[in-house]
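Residues per chain, in single letters:
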Amino acid sequence: MEWIVENLGTILITALLILIVTGIVLGIIKNKKNGRSSCGGNCAHCNMCASCRTKKL
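Residues numbered from 1 in each chain as written. Predicted model: local features only at pLDDT ≥ 70, side-chain atom pairs only at ≥ 80, totals over all residues. Heavy atoms only, no water.

1. Details of the overall build of the protein
Within the protein one finds two helices and zero strands. Split into buried and exposed, the 57 residues of the protein put 2% on the buried side. Per element, the accessible surface of the protein, about 5700 Å² overall, is 66% carbon and sulfur. (Helix = DSSP H or I, 4+ residues; strand = E, 2+ residues; numbered from the N terminus. Buried < 20%, exposed > 50% of the residue type's maximum accessible area, 1.4 Å probe, protein only. Areas by Shrake-Rupley, 256 points an atom, 1.4 Å probe, with all protein chains shown as cover.)

Right under this line is the structure:
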C-alpha cells in the first residue's frame, strides 16, 4: 500500500495517458467505419492513389 501512495502521481498520469490514447484510437476506428479518411491529399506519395475517391486536378 505504501508503494501505491508513493507513486500515486505517476499512476494517475499513466492512467490519464492510457485514457487519452484509447480515445484517439477509438475515434480513428469510428471514423474508418463511417468511411472518413485521414488522407492528406498528396496522391504522389500514396500507395492507394488508384483507389482514391477524390478526382485529380
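2. What to know about a nonpolar patch on the surface
Side chains of Met-1, Trp-3, Ile-4, Val-5, Leu-8, Ile-11 and Leu-12 sit close together on the surface and give an oily, nonpolar patch of about 780 Å² of accessible area. Mapped onto the nonpolar patch, the elements with two or more residues apiece are helix H1 (2-6) and helix H2 (8-33). Within the fold, Ile-11 resides in helix H2. Judged by relative accessible area, Ile-11 falls into the partly exposed class, the value being 33%. (Patch = residues over 30% accessible without salt bridge, like charges linked within 9 Å, V, L, I, M, F, W, Y side chains within 5 Å. Salt bridge = Lys/Arg side-chain N within 4 Å of Asp/Glu carboxyl O.)

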